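Below, each chain spelled out in residue letters.
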Protein chains: 2
Amino acid sequence: MADSPADPPKPPAERATPAGPSKSELKKQAKAAEKERKAAEKAAKQEELAMQKAAADIDDAVENYGPLPLNQSQSRPNRERIPISSLSQRSGETVLIRARVHTSRAQGNKMVFLNLRQRTDSVQALLSVSPGKVSKQMAKWTAGLASESIVLVEGTVERVAETIKSASVGDVEVHINTIYLISGVQVRLPFSVDDANRPETAADENDAQFNRVLLDTRLNNRVVDLRSQTNQAIFKLQGAIGDLFRDHLRSNGFLEIHSPKLQGAATESGASVFKVSYFKGNAFLAQSPQLAKQMAIAADFERVYEIGPVFRAEDSNTHRHLTEFMGLDLEMTIEEHYHEVMELLDSLFLTIFRGLSERYKDEIAVVRKQFPADEFKWREGPEGTLKITFHQAVDILVADGVPREDLDDINTENEKRLGRLIKAKYDTDYYIIDKFPMALRPFYTMPDPDDPTLSNSYDFFMRGEEILSGAQRIHDPTLLCEKMRSKGVDPDSMKPYVDAFRLGCAPHGGGGIGLERVLMLFLKLNNIRRASLFPRDPKRLEP
Amino acid sequence: MADSPADPPKPPAERATPAGPSKSELKKQAKAAEKERKAAEKAAKQEELAMQKAAADIDDAVENYGPLPLNQSQSRPNRERIPISSLSQRSGETVLIRARVHTSRAQGNKMVFLNLRQRTDSVQALLSVSPGKVSKQMAKWTAGLASESIVLVEGTVERVAETIKSASVGDVEVHINTIYLISGVQVRLPFSVDDANRPETAADENDAQFNRVLLDTRLNNRVVDLRSQTNQAIFKLQGAIGDLFRDHLRSNGFLEIHSPKLQGAATESGASVFKVSYFKGNAFLAQSPQLAKQMAIAADFERVYEIGPVFRAEDSNTHRHLTEFMGLDLEMTIEEHYHEVMELLDSLFLTIFRGLSERYKDEIAVVRKQFPADEFKWREGPEGTLKITFHQAVDILVADGVPREDLDDINTENEKRLGRLIKAKYDTDYYIIDKFPMALRPFYTMPDPDDPTLSNSYDFFMRGEEILSGAQRIHDPTLLCEKMRSKGVDPDSMKPYVDAFRLGCAPHGGGGIGLERVLMLFLKLNNIRRASLFPRDPKRLEP
């Protein structure tokens, strides 16, 4: 007590005063002094507590919360980070979690609720002020964390009585012991990830109170948009389609090839080819691997596939065109009939549909919340996939009232109409149209043996939109040159290609699938840009 | 006999003659007539046989050999074609085979030996003239088949006493019953596939008698070159590397992404970027998916990989540069230390090396015949892959006599020298160099926390050549902008990229692998063009 800053005041007797006070006055003075002393004592005690608390808070700041130094791999303690998706199995354990702060909400000044997010998973985390463990400052700092900050949290996993609806993992919550900031947010978010998860138009009046983010805004700020659960699921499904495509082809003896995108000449159809400055000359971007994969067949590779970018210099801004998209291409020799190829492609699509529906239920359900759609339907069992000829397709449309003279080709509008008619009659979103008129197909398409106005070619459809175009190709160089000339292509301008057939080539066929279209139509995303990570169209080259 | 064309002559008695012949003369005449009759009978029989044989030959021409009509899928009898590789198991069976005529050789006019080829497999087929079955015409036609023609053969598989060395399947041969031409050869072959299978230089004087085909001739006629067993094996191995890469990453939680090759700005390093005419403006071809995959990390995809073309507008015609190559790229978040990435990449390479060596022994053996090389070596077991720092690498070179002042960077020549020194000392063709000087790395590389002149970056090497470059990246936008400016890059010119970090991004790292380089160096092909299906360099845009 000697060191106390609030020593009791000196007794009044020691004061020099002209007249001595009365006895009652002395008593009064002593009482006041005593009161003063007690007050000072109390103040001192409070101050001491405050200082102890301040010291504890300093410890908190150093040990329990705050920004971490920039991670430059300073150390490696090998402490495991736990995925949110597995927390239900870790009730009672103390875990370390790296996650985004989806939302942060203070309740009074003693409690903070965080929604922590990892991709499609989220969990509630709770921070409560508790002496010596969690200070008010720590709570204040945590409550102030910006949405989309990345934190490292240590806490215990506790089972909750009532399911937390705002989290995907709702049967547990994390009671935070320590929380550190790994990466902050330096700019104003263009929209929240919750906004990004919402459909672009309100479902009803009640729903109308929430922010809507239009497609262009999303694409301009694609990094934030992609963090939505919907997009995390969409691109997981995109990866799954690629995996299913490859696995099916590998198990059917196909070899993956990589053909050059830089071409010496503007082949196939010069009009829709991008020109590249190539040193002192020019090159052109391949609008498909068509020529290369056919040359691979002439080079005896028998069955080949390629997954690679396809470039189309078409200035069209539709819901289903990109200037750069992923082509899933294949080519194979045929022994007797081009239906060997068509059937392999059919089995490939069935594998993809089954794989997505069986193994990715959760992701599809996540996407459905933002993009409501009927489940994608196809035909299973002995009847198999619906296959009709182009003529039959025309007849179906004519019977529905489309003038036959409008149907030399089936335009996009009539394609969709046909899709609706087929869905109504056959209950399938997936079908094949075979035997297209030769006039509608490129020069390398093999004509039908019985009717030269038709061709050995087919398109595949999902929800009334084309997702694959394919055919038997002409392997005979004489017929090939004849067809090239008839379509205004000089065979000499494509000599290495034509020579491949002059050197002997087996009969073959194949097809090209647009990855983004399959993804868009399976999920009914309604715009192909939503199925591309960083889409490119005539007006968009960024981000 | 009444219808016989050789009725016996009428008896002499019925002839009108001036004087009757003597009895002995009559006897003589009768004998002569009988002889004449017999001769006529014999001639008639021979003529009949000849006509029967001719008729049989006509049948041959129609049914047993000759060119088939153009396969336009006229019919589909569903007759299985048998791969040559499985013929050893089909001794005694009659099989149908589609194959190339590798060589055709007549022995006299009654026998023809064909070497039939499918990719890396070949078998001897034999056609022997046999009455009613195989005519001389059929033998002549078969002997005249041009090399590289594609035929459909039906024959019986017969075991042979002595192994046929000229065929990969040497324990059986095919005895041909029918042979049809599916696709002929309309041009003179630039070289034979046997020539293509030979090393480009003779091993000894004895070997000097054979044709050599130089690389440029091969690449100009790539379709024929690719038919060689060597190339069939090389590209099977290329496919295998891709499969092993993907399988390893998939099983480690990576998602495949596809980032656009068309970019709005010439980023990373403007000098080596191709310019594209993009409608009324310009675009640029991505020289790596670096920016996109980092943005995918900022968008929470956690672990991503991409297999796609990479474009480099460098006018350098070395053995190891292409203007377009396949990048195997990956990027992942890190929790504590960038060695998490380095170790994952290491395990990826070990998986690839083991996979190739264990599962593709035959293909590697085929390639070795044309490209002799020591087996590729790496370190297994607890000691693991050799990892040294850049400083240690410099010390090794200095100890070998390279002046230290030449080693601010390690040039290609010194890289190879280092490879030889390491091979001699550690008996490995595969190693990692860690901690490169910051000055040698791009702006997005994370500096070392203790020594800012160093960086958290690494290169991987095979046989003394770099096959992967990678690093921890800067996820802090302030430091990133600082480093950009210090390397002369305006952060505003890459705003969507920098903004991705301003929106919060986890610490991360990755690397990029050149597919063709890995293939070239594993097999020691000595020129990267041999590891690319249709290579592109400053002087080559075709085929």
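Analysis parameters
- Once a new chain begins, its residue numbering starts again from 1 and follows that chain's sequence as written.
- Written order determines the labels here, with chains lettered from A and ligands numbered from 1.
- Only residues with pLDDT of at least 70 get local features here, since the model is predicted, and only at 80 or more are side-chain atom pairs given and counted; chain-wide, interface and lining totals rely on the full set of residues.
- Side-chain measures here rest on the full set of heavy atoms in the structure, leaving out hydrogens and waters.
- Think of it this way: any DSSP run of H or I at least four residues long counts as a helix, any run of E at least two long counts as a strand, and we number them from the N terminus.
- When we talk radius of gyration, it's over C-alpha atoms, and the globule rule is simply 2.2 Å times the number of residues to the 0.38.
- Remark: exposure states derive from per-residue accessible area (1.4 Å probe, protein chains only) relative to the maximum for the residue type, with buried under 20%, exposed over 50%, and partly exposed in between.
- Between the rings of Phe, Tyr and Trp (Trp by its six-membered ring), a pair exists once the centres lie within 6.5 Å; its type follows the angle of the planes, with under 30 degrees stacked, over 60 edge-to-face, and the other angles tilted.
- Two residues form a contact once any of their heavy atoms are found within 4.5 Å.
- Computed with a 1.4 Å rolling probe, the buried area is the accessible surface lost when two parts are put together, summed over both parts.
- Any Lys or Arg side-chain nitrogen found within 4 Å of a carboxyl oxygen on Asp or Glu counts as a salt bridge.
- In protein, a polar contact requires one atom able to donate a hydrogen and another able to accept it; more generally it is a pair of N or O atoms within 3.5 Å, and residues adjacent in sequence count only if both atoms are side-chain atoms.
- Each residue receives one of three labels: charged for Asp, Glu, Lys and Arg, nonpolar for Ala, Val, Leu, Ile, Met, Phe, Trp, Tyr, Cys and Pro, and polar for the others, Gly being one of them.
- What makes two strands pair is DSSP finding at least two bridges between them.
- The angle between two axes is taken between their N-to-C directions and runs from 0 to 180 degrees, where each axis is a line fitted to C-alpha atoms and a helix contributes only its stretch in contact.

Caption draft 1: A look at the overall build of chain A. Scanning chain A from N- to C-terminus turns up 14 helices and 17 strands. A globule of 543 residues ought to have a C-alpha radius of gyration of about 24 Å, yet chain A, at 36 Å, is considerably larger. The principal-axis extent of the C-alpha atoms belonging to chain A is close to 135 × 55 × 40 Å. Split into buried and exposed, the 543 residues of chain A put 55% on the buried side.

Caption draft 2: Geometry of the packing of aromatic side chains. The final tally for this structure, using the stated rule, is 46 aromatic pairs over all chains. A ring pair is formed by Phe274(A) and Tyr278(B), whose centres lie 5.2 Å apart and whose planes are at 10°; its orientation type is stacked. One end of the pair, Phe274(A), is in the loop between β8 (262–263) and β9 (275–278); the other, Tyr278(B), is in strand β9 (residues 275–278), on a second chain. Between the aromatic rings of Phe376(A) and Phe522(A), the centroid separation amounts to 5.3 Å while the plane-to-plane angle is 40°, which identifies the pairing as tilted.

Caption draft 3: Expanded view of the interface of chain A and chain B. Taken together, the contact between chain A and chain B spans 114 residues of the former and 114 residues of the latter. In total, chain A and chain B occlude about 9800 Å² of area from one another, counting both sides; carbon and sulfur atoms represent 56% of this. One salt bridge connects Arg98(B) with Glu302(A), and the closest N-O pair in it is separated by 2.9 Å. Across the chain A-chain B interface, the total number found is 74 residue pairs in polar contact (both at pLDDT 80 or more). When residues in the side of chain A that touches chain B are grouped by element, the largest group, 10 residues, is from helix α6 (residues 229–250) of chain A. Split into classes, the residues belonging to the side of chain A that touches chain B amount to 53 nonpolar, 28 polar and 33 charged.

Caption draft 4: Seen up close, the sheet that holds strand β12 (residues 324–333) of chain A. All names here are of chain A. Taken in spatial order, the 8 strands line up as β7-β11-β12-β17-β16-β15-β14-β13 in an open sheet, and their pairing is mixed. On the outer flanks of this sheet lie β7 (255–256) and β13 (386–389), each paired with one strand and no other. Those strands touched by α6 are β11 (303–311), β12 and β17 (508–514), and its axis lies near 155° from that of β11. Across the sheet, helix α8 (residues 339–359) lies against β11, β12, β13, β14 (430–434), β15 (457–462), β16 (465–473) and β17, angled at about 165° from β14, the strand it touches most.

Caption draft 5: Quick look at the sheet that holds strand β14 (residues 430–434) of chain B. Residue and element names in this part refer to chain B. The strand order across the open sheet built from 8 strands is β7-β11-β12-β17-β16-β15-β14-β13, with neighbouring strands paired in mixed fashion. Two strands in the sheet have a free side with no partner beyond their single neighbour: β7 (255–256) and β13 (386–389). Of the strand pairs in this sheet, strand β12 (residues 324–333) and strand β17 (residues 508–514) are connected by 7 bridges, and their pairing is antiparallel. Among the inter-strand pairings, Asp329 is bridged to a residue of β17, identified as Gly512. Along the sheet face, helix α7 (residues 290–298) touches β11 (303–311), β12 and β17 and points at about 25° away from the line of β12. Of the strands in this sheet, β11, β12, β13, β14, β15 (457–462), β16 (465–472) and β17 touch helix α8 (residues 339–359), which is tilted by about 165° from β14.

Caption draft 6: Region of the structure containing the pattern of salt bridges. Overall, the coordinates contain 88 salt bridges over all chains when judged by the stated rule. Salt-bridge contacts for Lys495(B) lead to Asp499(B); the nearest nitrogen and oxygen are separated by 2.8 Å. Taken together, the residues Lys495(B) and Asp499(B), both in helix α13 (residues 495–502) and 4 residues apart, mark about one turn of the helix. A relative accessible area of 17% places Asp499(B) in the buried class. Connected via shared salt-bridge partners are Arg81(A), Arg98(A), Glu302(B), Glu335(B) and Glu336(B).

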